[in-house]
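# Structure assessment
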Amino acid sequence: MQEAIARIGERRSYSAPYESLTFTLLTRARRELIVTLAAQPVFDLVRSTPVARRIRRSVRHRGGESALIGLARRTLEPADLLNIDIQTLRNGLDLLRLGRDDSGVVPAFWRTVASSGGRFDLLCAEMQHESAPGAMLVEVMGGLENAPPDAIQEAIQHFETGSLGLILHVAPDPGAAQRLSQVRAQCLAIDFAGVEHESARDWQGATVLIQAARNACPQVMLLNLRPDRGLAAQAAGATHAVFAGMEAIIV
């Protein structure tokens with residue numbers, strides 16, 4: 001921990017622009033959703049270079065309120081979530097424009113990945129997208145905290161094949177990360193937007209979180225990490241990061 005604290009404030013260059021796009025969907029209840037995707041660079045913290053691109057997704061009802069939090073999310077049926085995931089995959093792969101040696105990260109809801117029908121539809125959509133020859137990682141989010149470990153392990157087995165893989169997006173809590181040590185995941189993702197990591201005191205707690213995740217998994221990707229925490233995050237055990245504060249190019 002002393003090494004991590006000593007590196008707080010040291011900087012490397014984590015600068016790269018990213019692109020975004022927006023499209024609309026109708027729910028089964030005929031409500032219009034506005035989906036915005038942004039292809040952000042994923043940095044390897046050891047090399048301080050972008051090694052992949054990750055699709056960040058925002059889903060809102062027409063009018064501006066988020067469709068994925070609180071009561072708004074309850075208005076979405078499983079078929080709506082699946083439709084959002086399929087259209088995110090198709091539009092996201094167009095946005096990523098993966099080459100043969102590139103890697104991309106695309107989000108999907110746990111409810112989609114947990115069902116055999118949802119997995120089938122996702123895999124079919126990926127196979128039909130001939131313009132994405134690179135590796136694709138599905139970042140599973142929403143509901144993993146309450147999912148049985150054997151169900152998570154089953155989903156991993158379906159996706160950890162060939163050029164496909166899964167990233168498990170977990171709550172920023174050491175206990176949630178430790179719980180996933182029971183499954184053989186390759187990477188955990190943690191959103192640091194809600195994690196205090198500005199001061200040295202804050203960073204002590206952040207280090208405990210990162211170390212718990214790394215003990216559970218060989219790779220740890222931090223999202224919305226402050227650029228001046230890159231070296232400290234690496235020292236704590238994180239392997240990859242998507243940094244906050246980068247500029248988007250709207251397409």
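Residues numbered from 1 in each chain as written. Predicted model: local features only at pLDDT ≥ 70, side-chain atom pairs only at ≥ 80, totals over all residues. Heavy atoms only, no water.

### Some remarks on the overall build of the chain
Formally: The helix count covers DSSP runs of H or I at least four residues long, the strand count covers runs of E at least two residues long, and both are numbered beginning at the N terminus. Whether a residue is buried, partly exposed or exposed follows from its accessible area with a 1.4 Å probe, protein chains only, as a fraction of its type maximum: under 20%, in between, or over 50%, in that order. By definition in these notes, contact holds between two residues if any of their heavy atoms fall within 4.5 Å. Here, Shrake-Rupley sampling with a 1.4 Å probe gives the accessible areas, and only protein chains in the shown set may cover a residue.
Along the backbone of the chain there are nine helices and 10 strands. Taking all 251 residues of the chain together, 48% fall into the buried category. Considering only residue pairs separated by 6 or more positions, the chain has 68% of its internal contacts joining residues 24 or more positions apart. By element, 48% of the accessible surface of the chain is carried by carbon and sulfur atoms, the whole surface being about 11800 Å².

### Comments concerning the packing of helix 5 (residues 116-127) against helix 6 (residues 149-159)
Worth spelling out the cut-off: Axes, fitted as lines to C-alpha atoms, cover a helix only where it is in contact. Angles between the N-to-C directions of the axes lie from 0 to 180 degrees. Oblique is the label for any angle not under 35 degrees, not over 145, and not in the 65 to 115 range, which are roughly parallel, roughly antiparallel and roughly perpendicular in turn. Each crossing gets its handedness from the near helix: less than a right angle anticlockwise from the far helix is left-handed, clockwise is right-handed. Ten residue types, Ala, Val, Leu, Ile, Met, Phe, Trp, Tyr, Cys and Pro, are classed as nonpolar, four, Asp, Glu, Lys and Arg, as charged, and the remainder, Gly among them, as polar.
Packing of helix 5 against helix 6 brings their axes to within 11 Å, and their N-to-C directions diverge by 20°. Judged by the inter-axis angle, helix 5 sits roughly parallel to helix 6. Pair helix 5 / helix 6 crosses with right-handed handedness. Along the contact surface, helix 5 presents Arg119, Leu122 and Leu123, while helix 6 presents Glu154, Ala155, His158 and Phe159. Residue classes in the contact of helix 5 with helix 6 are distributed as four nonpolar, one polar and two charged.

### Some details on the packing of aromatic side chains
Condition: Stacked, edge-to-face and tilted labels apply to pairs of Phe, Tyr and Trp rings (six-membered ring for Trp) whose centres lie within 6.5 Å, assigned for plane angles under 30 degrees, over 60, and everything in between, in that order.
In total, this model carries two aromatic pairs according to the counting rule given. On the basis of an interplanar angle of 55° and a centroid distance of 6.5 Å, the ring pair of Phe192 and Trp203 is categorised as tilted. Here Phe192, found in the loop between strand 7 (187-191) and helix 8 (200-216), pairs with Trp203, found in helix 8; they are 11 residues apart in sequence, far enough to count as distant. The class for Phe192 is buried, based on a relative accessible area of 1%.

### Let's talk about the packing of helix 3 (residues 78-96) against helix 5
Any two packed helices are characterised by how steeply their axes cross, that is the angle between the axes, and by the distance between the axes. Helix 5 packs onto helix 3 with a crossing angle of 20° between their chain directions and a minimal axis gap of 10 Å. With respect to their mutual orientation, helix 3 and helix 5 come out roughly parallel. As helix 3 packs across helix 5, the resulting crossing turns out to be right-handed. Counting all contacts with helix 3, which are made through Leu82, Asp85, Ile86, Leu89 and Arg90, the residues of helix 5 involved are Gly118, Asp121, Leu122, Ala125 and Glu126. Residue composition of the contact of helix 3 with helix 5, by class: five nonpolar, one polar and four charged.

### A few points about the state of the cysteines
Just so we agree on the cut-off: We call a pair of cysteine sulfur atoms a disulfide when they lie within 2.5 Å.
All told, the structure shown has zero disulfides when counted by the stated rule. Looking at the unpaired Cys187, the closest cysteine sulfur is the one in Cys217, lying at 5.9 Å.

### Focus: the environment of Leu93
The topology assignment puts Leu93 in helix 3. Separated by 11 residues in sequence, Leu93 and Gly104 have C-alpha atoms that sit 8.0 Å apart.

### Overview of the pattern of salt bridges
Formally: Think of a salt bridge as a Lys or Arg side-chain nitrogen and an Asp or Glu carboxyl oxygen that are within 4 Å of each other.
Evaluation of the coordinates by the stated rule reveals nine salt bridges. Note that Arg47 is salt-bridged to Asp44, the shortest N-O span being 3.4 Å. When salt bridges with common partners are traced through the structure, they connect Arg226, Asp228 and Arg229 into a single cluster.

### Regarding the nonpolar core
Under the convention used in this document: Here the nonpolar core consists of buried residues drawn from Ala, Val, Leu, Ile, Met, Phe, Trp, Tyr and Cys, with membership extended through side-chain atoms lying within 4.5 Å.
Judged by nonpolar contacts, the single largest core of 66 residues is most densely connected at Ile152, Leu168, Leu188, Phe192 and Leu222. Aside from chain neighbours lying at most four places away, what touches Leu222 is Ile190, Phe192, Ile210, Ala233, Ala238, His240, Ala241 and Val242. Judged by nonpolar contacts, the second largest core, of nine residues, contains Val105, Ile167, Met221 and Leu223.

### Overview of the side chain of Thr27
Note that Thr27 resides in the loop between strand 1 (18-26) and strand 2 (32-44). The exposure class of Thr27 is buried, given its relative accessible area of 5%. Not counting the four nearest positions on each side in its chain, Thr27 is found in contact with Leu33, Leu76 and Asp80.

Don't take any of this as a statement about function, it's just geometry.
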